[in-house]
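Commentary on secondary and tertiary structure
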Amino acid sequence: MSDPTGRGIHHSQHSQSGRNYVMKRSRFIAASVAMIATTGLLLSGCSAGAADTGEKQLTFMFRGGEDEKAAYTTAIKAFEEANDVKVKIISTTADDYATKLKAAIAGKQIPDVFYIAQGDIQAYVNNGVVLDITEYVEGSDTLDLDNIWEYGVDSYRFDGSLVGEGAIYALPKDVGPFSFGYNKTMFEAAGIPLPDVDVPLTLEEFVNISKQLTKDLNGDGELDQWGTGLNVQWSLQSFAWSNGADFLNEDRTKVTVDTPEFAEALQWFADLSNVEGVTPSTAQAQTLDTYQRWMSGQIAFFPVGPWDVSTYAELDFDWDLIPYPAGKTGESATWVGSLGIAVGSTTEDPELSAKLVEYLSADVTAQQTLVDAGVQIPNLKDMADTWVADSTTKPANKQEFLDIVNDYGRALPANNTYNAEWYDELFTNIQPVLDGKQTAADYLKEAQPKMQAFLDDANAQAGIG
Ligand code: CA
């Protein structure tokens, strides 16, 4: 994920989050797939099945850290034994995944089972790369679809025009609620009442507390503790949505960032640095990014995703989750990401491939291993109930993650459009706003037509509008 904002570089490591859920939305994948489809190669392509030896074989391509590999290796071994099949695992780094998958597709070697980004679903369906697995997952004796988060399943439904409805093309590898955290130890040291876990702070309350916690602790004339330090690319959604603004209209044909509510949210965000002074300066953030400063105990409020929990468990201070501060709707808002696991269209054994998808998404042992490793929340609702009730592990308010998934989390704005160029355009030239050199309203008025042109192009490619 390239970070065009400059200011956001200080968030780069934290942006693993974004990397998970905003995998490069490569036009070139769709393009190469389209080429294959039109030359008919997809139909003649053979999968990795080894029918001549009589032994069934499936390929599974994914990316992830050691914790995920370990959990999946165990699950896959059990799957192989139960189904008398050999699963060939192809794993890549997060950075290499999109490129290698593209190469596999272009080389007529679509894996039987593989990870897909939420946002790629339309292109993969339209180009015939992924299989409709509705009949297999709905008809499974071993899968209770109702026990998986609706958001996770619905993210991979596509009815031919809108994502979120219709046939199922993947099951979730995970869901990733982007929550908000605070340094409890810092609050206690300053004698500030702890934020309510159920009632979001207003923007004004958030700024007031942030000001109280922005300090020069050692009296050398330089600030060394701040209220916050947020990356516009990952946190603007929350403030825009909770202020009643949105990025698109409901049928995803019009970019709607040029509204007063949107401008107000973006201006407020920029003012945190330029007017309120509650974030590290650009120079300070370049010395040590805000992710590192949060982990060093210098920042009061910072985002927290499930993928952070294992790292944050080791921090020297106590922290917990709260709802994002709320704009004028009074309601908290944030995004929830997901990765999917799909079946390749050329598989020789759709039923068994779908069963592997089911296993990877919903196998109790694999899920428990991933949850215990602190890298994701459970996919299974009943497992989540047990997990939330466990007070021996952080965060105390795990319920906030589930509330985001169940109640108020939304898909990232570009996840339901054919590509992400319209959305990326918003951040390309946003720096002068963040630096206080251009007003949010002026900027958004300039950005809207450029974004609209990209969206129109995306919708034309999708055959919409
Ligand atoms: Ca100081």
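Scroll up to find the structure this text is about.
Structural notes, computed from the coordinates. (Residues numbered from 1 in each chain as written. Predicted model: local features only at pLDDT ≥ 70, side-chain atom pairs only at ≥ 80, totals over all residues. Heavy atoms only, no water.)

Burial runs high along strand S1 (residues 56-63): six of the eight residues are buried. Once the chain exits S1 it traverses helix H4 (residues 66-83) before rejoining the sheet at strand S2 (residues 85-92), and the crossover so formed is right-handed. For S1 and strand S3 (residues 113-117), the ladder comprises two bridges, and the chain directions are parallel. Each bridged residue has a counterpart across the sheet, and for Phe 60 the counterpart in S3 is Val 113. (Buried < 20%, exposed > 50% of the residue type's maximum accessible area, 1.4 Å probe, protein only. Helix = DSSP H or I, 4+ residues; strand = E, 2+ residues; numbered from the N terminus. Right-handed = clockwise from strand over helix to strand, strands pointing away. Pairing = 2+ DSSP bridges.)

On to the packing of helix H18 (residues 381-389) against helix H19 (residues 399-408). Contact geometry of H18 with H19 gives a least axis separation of 9 Å together with a crossing angle of 150°. When the axes of H18 and H19 are compared, the pair comes out roughly antiparallel. Contact residues: Ala 384, Trp 387 and Val 388 in H18; Gln 399, Phe 401 and Leu 402 in H19. Considered class by class, the residues forming the contact of H18 with H19 number five nonpolar, one polar and no charged. (Axes fitted to C-alpha atoms, helices over the stretch in contact; angles between N-to-C directions. Parallel < 35°, antiparallel > 145°, perpendicular 65-115°, else oblique. Contact = heavy atoms within 4.5 Å. Nonpolar A, V, L, I, M, F, W, Y, C, P; charged D, E, K, R; others polar.)

In the first shell of the calcium ion, the protein supplies Asp 216 (OD), Asn 218 (OD1), Asp 220 (OD), Glu 222 (O) and Asp 224 (OD), at 2.1 to 2.4 Å from the metal. Binding-site remark: the calcium ion is held by donors from one chain whose sequence spacing is D-x1-N-x1-D-x1-E-x1-D. (Donors = N, O, S within 2.8 Å, 3.2 Å for Na, K, Ca; no water.)

Here Pro 325 is to be found in the loop between strand S9 (319-322) and strand S10 (334-343). Residue classification places Pro 325 among the buried positions, given a relative accessible area of 1%. A sequence separation of 83 residues divides Pro 325 from Ser 242, and the C-alpha atoms of the two residues are 8.4 Å apart. In this structure Pro 325 touches Phe 180, Leu 201, Thr 202, Leu 203, Phe 206, Phe 239, Ser 242 and Ser 332, once residues within four positions along its chain are discounted.

A few words on H18. Among all positions in H18, only Met 383, Ala 384 and Trp 387 are buried. Along the long axis of H18, the arc covered by the buried residues comes to 100°, so they all point the same way. Turned more than 90 degrees from where H18 packs its buried face, Asp 385, Thr 386 and Ala 389 sit exposed. The secondary structure elements touched by the buried residues of H18 are helix H17 (364-372) and H19. (Arc of directions from axis to C-beta.)

This paragraph deals with the packing of aromatic side chains. Counted according to the given criterion, the structure contains 32 aromatic pairs. Ring centres of Tyr 97 and Tyr 115 lie 6.3 Å apart, and the angle between their planes is 50°; on these two criteria the pair is classed as tilted. Placement of Tyr 97 in helix H5 (residues 94-106) and of Tyr 115 in strand S3 is noted, with a sequence separation of 18 residues between them. A centroid spacing of 5.3 Å and a plane angle of 80° characterise the contact between Tyr 423 and Phe 427, whose relative ring orientation is edge-to-face. Of the two residues, Tyr 423 and Phe 427 both sit in helix H20 (residues 421-428), four residues apart, roughly one turn of that helix. (Phe/Tyr/Trp six-rings, centres within 6.5 Å; stacked < 30°, edge-to-face > 60°.)

This part covers the pattern of salt bridges. Under the definition given, this model contains 11 salt bridges. Residues Lys 86 and Glu 80 are paired through a salt bridge, measuring 3.6 Å at the closest nitrogen-oxygen approach. Among the residues examined, Glu 80 registers a relative accessible area of 18% and is labelled buried. In this structure, Asp 318 engages Lys 394 in a salt bridge whose closest nitrogen and oxygen atoms are separated by 3.8 Å. With Asp 318 in the loop between helix H15 (309-312) and S9 and Lys 394 in the loop between H18 and H19, the pair connects residues that are 76 residues apart, well separated along the chain. Asp 318 gets classed as partly exposed once you look at its relative accessible area, which sits at 28%. Linked by salt bridges that have partners in common, Lys 184, Asp 318 and Lys 394 make up one network. (Salt bridge = Lys/Arg side-chain N within 4 Å of Asp/Glu carboxyl O.)

Negative charge collects at one region of the surface, where Asp 144, Asp 146, Asp 382 and Asp 385 lie side by side. Counting through the fold element by element, Asp 146 comes out in the loop between helix H7 (134-138) and helix H8 (150-154). (Patch = residues over 30% accessible without salt bridge, like charges linked within 9 Å, V, L, I, M, F, W, Y side chains within 5 Å. Areas by Shrake-Rupley, 256 points an atom, 1.4 Å probe, with all protein chains shown as cover. Lys, Arg positive; Asp, Glu negative; His and termini not counted. Charge placed at Lys NZ, Arg CZ, Asp CG, Glu CD.)

The subject of this paragraph is helix H22 (residues 440-462). Relative to the 33 Å expected for 23 residues at 1.5 Å per residue, H22 spans 31 Å between its end C-alpha atoms, a close match to the ideal helical length. Considering bend angle alone, the principal kink of H22 is centred on Ala 447 and spans about 30°; proline Pro 449 follows within four residues of it. Along H22, the positions that sit buried rather than exposed are Ala 440, Tyr 443, Leu 444, Ala 447, Gln 448, Met 451, Gln 452, Leu 455, Ala 458, Asn 459 and Ala 462. If you follow the buried residues of H22, they end up packed against helix H6 (121-126), helix H12 (260-274), H20 and helix H21 (431-434). Downstream of H22 by a residue or two, Gly 463 has a phi angle that is positive, lying close to 80°. (Expected span 1.5 Å × (residues − 1). Bend = angle between axes of the 7 residues up to and from the residue.)

We now examine the nonpolar core. Within soluble globular proteins, side chains that are nonpolar tend to cluster in buried spots. Judged by nonpolar contacts, the single largest core of 81 residues is most densely connected at Phe 60 and Trp 294. The element that contributes the greatest number of residues to this core is helix H16 (residues 350-362), accounting for seven residues. Looking at which domains feed residues into this core, each of domain 1 (11-177 + 336-415) and domain 2 (179-335) gives three or more. If we ignore the near neighbours within four places in the chain, the residues touching Phe 60 are Ile 76, Val 87, Lys 88, Ile 89, Ile 90, Val 113, Phe 114, Tyr 115, Ile 341, Leu 356 and Leu 360. Counting residues in hydrophobic clusters, the runner-up holds 56 residues, among them Phe 178, Ile 209, Phe 247 and Met 451. (Core = buried A, V, L, I, M, F, W, Y, C linked by side-chain atoms within 4.5 Å. Domains from an automatic or database assignment.)

Note the cis peptide between Lys 394 and Pro 395, where omega equals -5°. Mapped onto the elements of the fold, Pro 395 is located in the loop between H18 and H19. The backbone phi angle of Lys 108 is positive, close to 60°, even though this residue is not glycine. When you line up the elements, Lys 108 lands in the loop between H5 and S3. Of note in this structure, Arg 252 is not a glycine but carries a positive phi near 65°. Mapped onto the fold, Arg 252 is located in the loop between helix H11 (232-242) and H12. The exposure class assigned to Arg 252 is buried, which follows from its relative accessible area of 18%.

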